[in-house]
Amino acid sequence: MSLYSEYLDEIATRKKDLGLNPKPIDSAELLSEIIAQIKDTGNEHREDSLKFFIYNTLPGTTPAAGVKAKFLKEIILGEAAVAEITPEFAFELLSHMKGGPSIEVLLDLALSADEAVAKQAAEVLKTQVFLYEADYDRLEAAYKEGNAIAKEILESYAKAEFFTKLPEVEEKIEVVTYIAAEGDISTDLLSPGNQAHSRADRELHGQCMITPEAQQEIVALQKKHPNAKVMLIAEKGTMGVGSSRMSGVNNVALWAGKQASPYVPFINIAPVVAGTNGIAPIFLTTVDVTGGIGLDLKNWVKKVDADGNTVTDENGDPVLEEAYSVATGTVLTIDTKAKKLYNGDKELVDISSAFTPQKMEFMKAGGSYAVTFGKKLQTFAADALGIEAPQVYAPSKEISHEGQGLTAVEKIFNRNAVGVNSKTPLHAGSNVRVKVNIVGSQDTTGPMTAQELEAMAASVISPSVDGAYQSGCHTASVWDAKAKANIPKLMSFMNNFGLITARDPKGVYPAMTDVIHKVLNDITVDDRAIIIGGDSHTRMSKGVAFGADSGTVAVALATGESAMPIPESVKVTFKGHMQPHMDFRDVVHATQAQMLKQFKGENVFQGRVIEVQIGTLMADQAFTFTDWTAEMKAKASICISDNETMIKSLELAKSRIQIMIDKGMENRDNMLQRLIDLADKRIAEIKSGETPALAPDNNAKYYAEVVVDLDQIDEPMIADPDVNNEDASRRYTHDTIRPVSYYGGNKKVDLGFVGSCMVHKGDMQIIAQMLRNLEKKGDITFKAPLVVAPPTYNIVDELKAEGDWALLQKYAGFEFDDNAPKGAARTKYENILYLERPGCNLCMGNQEKAEPGDTVLATSTRLFQGRVVADTDEKKGESLLGSTPLVVLSTILGRTPTIEEYKEAVEGINLTDFAPPSADLAVEAEPVRIVG
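Residues numbered from 1 in each chain as written. Predicted model: local features only at pLDDT ≥ 70, side-chain atom pairs only at ≥ 80, totals over all residues. Heavy atoms only, no water.

Student: Before we move on, could you go through the packing of helix 16 (residues 357–365) against helix 17 (residues 368–385) and cite the residues and values that matter?
Tutor: The contact between helix 16 and helix 17 brings their axes to 7 Å, and the two run at 100°. Between helix 16 and helix 17, the angle falls in the class roughly perpendicular. Contact with helix 16, carried on its side by Glu361, Phe362 and Ala365, involves Ser368, Ala370, Val371 and Lys375 of helix 17 and no other residues of that element. By residue class, the composition of the contact of helix 16 with helix 17 is 4 nonpolar, 1 polar and 2 charged. (Axes fitted to C-alpha atoms, helices over the stretch in contact; angles between N-to-C directions. Helix = DSSP H or I, 4+ residues; strand = E, 2+ residues; numbered from the N terminus. Parallel < 35°, antiparallel > 145°, perpendicular 65-115°, else oblique. Contact = heavy atoms within 4.5 Å. Nonpolar A, V, L, I, M, F, W, Y, C, P; charged D, E, K, R; others polar.)

Laid out in C-alpha cells, this is it:
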C-alpha cells in the first residue's frame, strides 16, 4: 500500500469521524509520491496532488519542506515542467516557506550565473527574515568575492526593507465583542489540558476551544459583522491566566484571527483578546507572537462613596460598577493612532499600553519572531557592508534614573542585556534584548515548540544557551497510545536539536518523568541567570524565570536571546516567628491573603516580579514560594538568599546534575558537565567575595512593599475555588484564602493529592513522619484516597536509601512500576494510598483526574474549573489547595480537620525551618556591568 493511499484513508477517517480537513503534510516520503503523481500528467490523483503540494505542505525545516523546495527549484530552472506552477508561482511559493530549505534554494538561485533567475530570487530573498549563520556566511562570502546580487541583497537587509515595505497597521480596526466567560479566564478554557495530545494538530485542537456552542456563536458573529474582528473578552476578569498556552492563542486565532499564508493551512495570526483587568503577562507575550492585540478594558471600576473611599460588600470585597458595556455583539472601534477604544464617536478607554512602538512592530510584521530575526538580520548586513544600520525599528527604550539603585531583577537584566547603548544601569520600563541562560520545554507544549523551530528553520540549539531540558512530566501518569505516538518523536527531535531529554531516543537510560520545574531549578546554577520555560510555573528559586509560550521557547532555543521590558518589582519581607505547627505552604497562602488585605483588594503582584527575602531557606523549599507566584498573577519571582544558603543550594544542584550524568543523560556537547563547571565558578565568586549572592540595592525603587506577619499565621490556610460564590467573577480565582477553621472540621474531602511542582523531598518525609505518628495510636485507614506523586526520581532514590519509601510502601495499595506503566487513566479511586510515578499527575488534568463532582484537597497549584476535577449535573467539582500535612490528615479523616486534630497529628514533626532574615538583605549600591 502506498503512502498516498494511506494518506487518503486517513483523510476519509478524519472527515468521517471528526469532520476535519486533511492533515497538513510533513513527511518527505509522502510528498515525494505526491510530486511523482504531479509529474505524471495522466495520473488519476494528479489534481488532488497539486492541491496537497501547493496548499497543504508544512513549511520551514520539516522533511516535506525540503522536498517541496527542491522541486520548486527544478521548476524555476526548467528541469521540471508543471503547467499549473509557473516559475513565477514557484518563487511565490518559496516566499511563503519561511526558511531553511527554501532559503538554501533561493541563495542557490540568487548566487547563480543565470542573471534573470538570480534577480528574481534576490527579490524574494529581500522579503525573508528567517536566515541563520550558514546563510549569513554564504551571502557575506559572495559579497566579498564581488557578487553584485549579494551586495544588493545585503543593502536591502541593512535598510530592513523586509520590514519597512510591509503595509502599516490599520488606523481603525472594527471589532465585535464576545464574552467568553465572566471572571478570570484560564487558558484551560481556550485549550484544555486534557486535550494536550492534539495541540500540534491545529485544526483538531481548535475543536476544544470553550464549547462547540461558543464556536458557532463566534462564527455567527463573523457572518453578521463581516467587516469586524471578533474580540474574545474576560468580563470582570483577566484573560489568559494560569498557563502560557500558545495553543490557546492558536485556537483563538483559528476561530477569530486571519490566515498567515494562503499556502499554509490552519496557521492563523492576529487575534484580538481583552479583559476587564487586561491580559495575563505570559498570555500577552503569546498574543505578541502572533501579532495580535490584547486590551485592558477597565470596563468595571471600584465604586467609591462621597468621600472617595472604596465601597465594599459584606465579605470586604470592593463593589464594582460598570463603566461601559461590552455585552456580546457590541461593535466597537480600535483607533491604533489615537490608541483609544470607541463605541461610535464615544471614547471608552485609553488602550495605549496595547500599542507601544514595539507592539505595533509585532502587528506590522505578523508577529514578534519576524521582528527578532529582522533586527538580527539587519545588524548582520550592516556589519558585513561595514556601515551603520539605519534606525528602522523603534529604538530600545532605555530608562536610567540617576542616583536610584537597582532591584534584583534590574541587576539580572543589566547583567544579561545585549546591544544596549546606555552607559548607565537600566531601570524598570526599559525594553531590552537579554541573553537566556536556561531553557525548558515541556512535553505537552513540546510538539508545538518543535513545530515552531521547524517553521523558523532552526536546526540546532544556540551555543550561547548554558542548559536546556525537554521534560516528560506532563505525560508521566499514563503511557497510552497518544503518548506513545507523540513523546518518542518529540524526544528524538529535541535530543537531535541539542537538549538534555527526559527520555533517551536510543533507550540507553530509563525514562525520567521528573517535574520540569524541579529539573530546571536544579540545572540553574547562577542566581543571576535568566530562564525561559514553556510553562507558567517556570519560576526558579535561583535567577529569574519566565513562563513562556511554545514559540518564545523556540526563539530562546534557536537564538539564545529573548526581548522584553524590565518589569517592576514588589518587595516581600517577613517579620515575626513561624509557629512550629505551620508548613511553609501556609506562609505562601498567607502572603497572598495579607497582600490583598494590605492593598484593599488590589493585587499589586499582578504583572510584576516578586522579590522575596527568603534568607536561609534552601532552593527546594524556596521553590514552593516562587512556584505559587504564578497563581498570584506575578510575572516572575526572585528569591533573595544569603551567601551561605546560596552556596549550599548550588552544591545541591551540582550533586543532582552529576546524578543525571551518571544515569547517561549527558548530550554530545557535554552540557551537564559545563553546568557543573559554571556552578563551581559561581561558588568560587561567592566565597571569594568577588560577586556575592544576588541582592537588591538599598536605594532601589519598588512598585510596592509587602511585609508578611508570621505571627498572624496560626492555622493551615486553604486556597478555595469558592465555586458557589454568587459573583461568578470571584469563582476559581486564587484570591480566596481561608483558614482551616472556616470549615468547622466537617468539609467532606473525596480525594487528596500530594504532588506536582509544589512539593519537594521534605513533603515526602512529612507524609512518612505523620504515618509514624498515627500508627502509634492504632491502625491507619484512609477514609478518602490519597494520591502521592514525588516530583523527581532523585527524591524517590533518596527516600529509599533513608528508609522513608519503605514506610510509604507499607501503606500503599498501589505503587508505580516503570517496567509496566499504566496504559489507561484511572477513573475510579479506592480509599487507599496510591504511590504514583514522579511527574505532574492530577495537577495537569490531561491524563489523571479525580471523579467528577469530587471535592479534592491538593498540594497542586490548579483550582481552575474542570482542571483537576470535572463538574456533574448535581455538584461542581472543587479543587482546594493546601499543605502536605493538611492533605494527608484530611484523607485519613475523610474531611477537613479541626485545628486541634491538626496540631495533634503534626506534633513533633519539623515541618519547615524558616526564620526570616534578621536584617534587610539589600546592599549598598554599586555600578553594574552591562553586557553589550
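Student: Tell me what's going on with helix 22 (residues 550–559), and back it up with residues and numbers.
Tutor: For helix 22, the buried fraction is high: 10 of the 10 residues fall into the buried class. Within helix 22, the full set of buried residues consists of Ser550, Gly551, Thr552, Val553, Ala554, Val555, Ala556, Leu557, Ala558 and Thr559. For helix 22, the capping residue at the N-terminal end is aspartate 549, with a side-chain oxygen 2.8 Å from the backbone nitrogen of glycine 551. Looking at the residues trailing helix 22, positive phi occurs at glycine 560, about 75°. (Buried < 20%, exposed > 50% of the residue type's maximum accessible area, 1.4 Å probe, protein only. Polar contact = N/O pair within 3.5 Å; in protein donor to acceptor, adjacent residues only side chain to side chain.)

Student: I'd love a proper account of unusual backbone geometry, names of residues and values included.
Tutor: At isoleucine 210, a position not held by glycine, the phi torsion is positive, near 50°. Mapped onto the elements, isoleucine 210 comes out in the loop between helix 12 (202–206) and helix 13 (212–224). The phi angle at lysine 339 is positive, at roughly 60°, despite the residue not being glycine. Following the sequence through the fold, lysine 339 ends up in the loop between strand 11 (331–335) and strand 12 (340–343).

Student: Requested: an account of the sheet that holds strand 17 (residues 467–470), with residues and values cited.
Tutor: In spatial order, the strands read 18-17-16-19-20; together these 5 strands make up an open sheet with parallel pairing. Edge positions in the sheet fall to strand 18 (500–501) and strand 20 (544–547), since each of these pairs with one other strand and no more. (Pairing = 2+ DSSP bridges.)

Student: Lay out the side chain of threonine 891 with the relevant residues and their values.
Tutor: Here threonine 891 shows up in helix 30 (residues 884–893). A residue is classified by how much of its surface remains accessible, and threonine 891, at 0% relative accessible area, is buried. Excluding its chain neighbours within four sequence positions, the residues that come into contact with threonine 891 are Leu751, Gly752, Phe782, Lys783, Ala784, Pro785 and Leu786.

Student: So what about the pairing of strand 8 (residues 293–296)? Which residues, and what values?
Tutor: Summarising the sheet, strand 7 (residues 272–275) and strand 8 pair through 4 bridges and their orientation is parallel. Bridged to valine 273 within strand 8 is glycine 294. Viewed along the sheet, the connection from strand 7 through helix 15 (residues 281–289) into strand 8 turns out right-handed. (Right-handed = clockwise from strand over helix to strand, strands pointing away.)

Student: Describe in detail the pattern of salt bridges, supporting the description with residues and values.
Tutor: Any two side chains of opposite charge can pair if their charged atoms end up close together. The tally for this structure, following the rule as stated, stands at 63 salt bridges. The partner of aspartate 526 in a salt bridge is arginine 682, and the shortest N-O contact between them spans 3.5 Å. Within this pair, whereas aspartate 526 is found in the loop between helix 21 (516–523) and strand 19 (530–533), its partner arginine 682 is found in helix 26 (residues 671–688), the two being separated by 156 residues in sequence. Both residues of the pair, aspartate 526 and arginine 682, count as buried. Across the pair arginine 656 and aspartate 620 runs a salt bridge, and its minimum N-O distance is 3.0 Å. Of this pair, arginine 656 sits in helix 25 (residues 643–662) while aspartate 620 sits in helix 24 (residues 619–628), and the two are 36 residues apart along the sequence. Take aspartate 620: its relative accessible area is 12%, and that puts it in the buried class. Each of Arg415, Asp526, Asp527, Arg528, Lys681, Arg682 and Glu685 takes part in a single network of salt bridges with overlapping partners. (Salt bridge = Lys/Arg side-chain N within 4 Å of Asp/Glu carboxyl O.)

Student: Tell me about the nonpolar core, and please be specific about residues and values.
Tutor: Counting residues in each nonpolar core, the largest one holds 246 residues, and the members touching the most others are Phe53, Ile85, Met456, Tyr469 and Phe605. For this core, the leading source of residues is helix 17, giving 9 residues. Once you skip the residues sitting within four places of it in the chain, phenylalanine 53 turns out to touch Leu31, Ile34, Ile35, Ile38, Lys68, Phe71, Leu72 and Ile85. With 27 residues, the next largest nonpolar core counts Tyr178, Ala214, Trp255 and Val287 among its residues. (Core = buried A, V, L, I, M, F, W, Y, C linked by side-chain atoms within 4.5 Å.)

Student: Before we move on, could you go through the packing of aromatic side chains and cite the residues and values that matter?
Tutor: Applying the stated criterion to the full structure yields 19 aromatic pairs. Aromatic pair phenylalanine 163 and tyrosine 393: ring centres 4.7 Å apart, planes at 35°, arrangement tilted. Note that phenylalanine 163 is positioned in helix 10 (residues 161–164) and tyrosine 393 in the loop between helix 17 and helix 18 (408–416), a separation of 230 residues in sequence. The same class applies to phenylalanine 163 and to tyrosine 393, which are both buried. Look at tyrosine 829 and tyrosine 834: their rings are 5.8 Å apart centre to centre, the planes differ by 85°, and that puts the pair in the edge-to-face class. (Phe/Tyr/Trp six-rings, centres within 6.5 Å; stacked < 30°, edge-to-face > 60°.)

Student: Let's hear about helix 18: which residues, and what values?
Tutor: Counting buried positions along helix 18 yields 8 of 9 residues, so the element is predominantly enclosed. Those residues of helix 18 that fall on the buried side of the exposure criterion are Ala408, Val409, Glu410, Lys411, Ile412, Phe413, Asn414 and Asn416.

Student: Run through the state of the cysteines, naming residues and quoting values.
Tutor: Joining two cysteines, a disulfide is a covalent bond between their sulfur atoms. All chains considered together, the criterion is met by 0 disulfides. Sulfur of cysteine 208: no disulfide; nearest cysteine sulfur belongs to cysteine 843 and is 18 Å away. On the accessibility criterion, cysteine 208 (15% relative accessible area) is buried. For the unlinked cysteine cysteine 757, the closest cysteine sulfur is that of cysteine 843, found at 5.8 Å. With a relative accessible area of 6%, cysteine 757 lands in the buried category. (Disulfide = S-S within 2.5 Å.)

Student: An account of the sheet that holds strand 24 (residues 636–641) is requested, with residue identities and associated values reported.
Tutor: Strands sit in the order 24-23-22-25 across an open sheet of 4 strands; the sheet is parallel. Either end of the sheet is taken by a strand with one partner, and the two such strands are strand 24 and strand 25 (704–709). The average undirected angle you get between the axes of adjacent strands in this sheet is 25°.

Student: Mind laying out the side chain of asparagine 250, listing which residues take part and the relevant values?
Tutor: The topology assignment puts asparagine 250 in helix 14 (residues 246–256). When sequence neighbours within four positions are dropped, the list of residues in contact with asparagine 250 reads Arg202 and Met448.

Student: Tell me about the environment of isoleucine 103, and please be specific about residues and values.
Tutor: When you line up the elements, isoleucine 103 lands in helix 6 (residues 101–110). The class of isoleucine 103 is buried, set by a relative accessible area of 0%. Spatially, the C-alpha atom of isoleucine 103 lies 9.4 Å from that of glycine 60, the residues being 43 residues apart in sequence. Among all residues touching isoleucine 103, those that are not within four sequence positions of it are Lys98, Leu125, Gln128, Phe130, Leu131 and Asp135.

It is worth stressing that arrangement in space is one thing and function is another; only the former is reported here.
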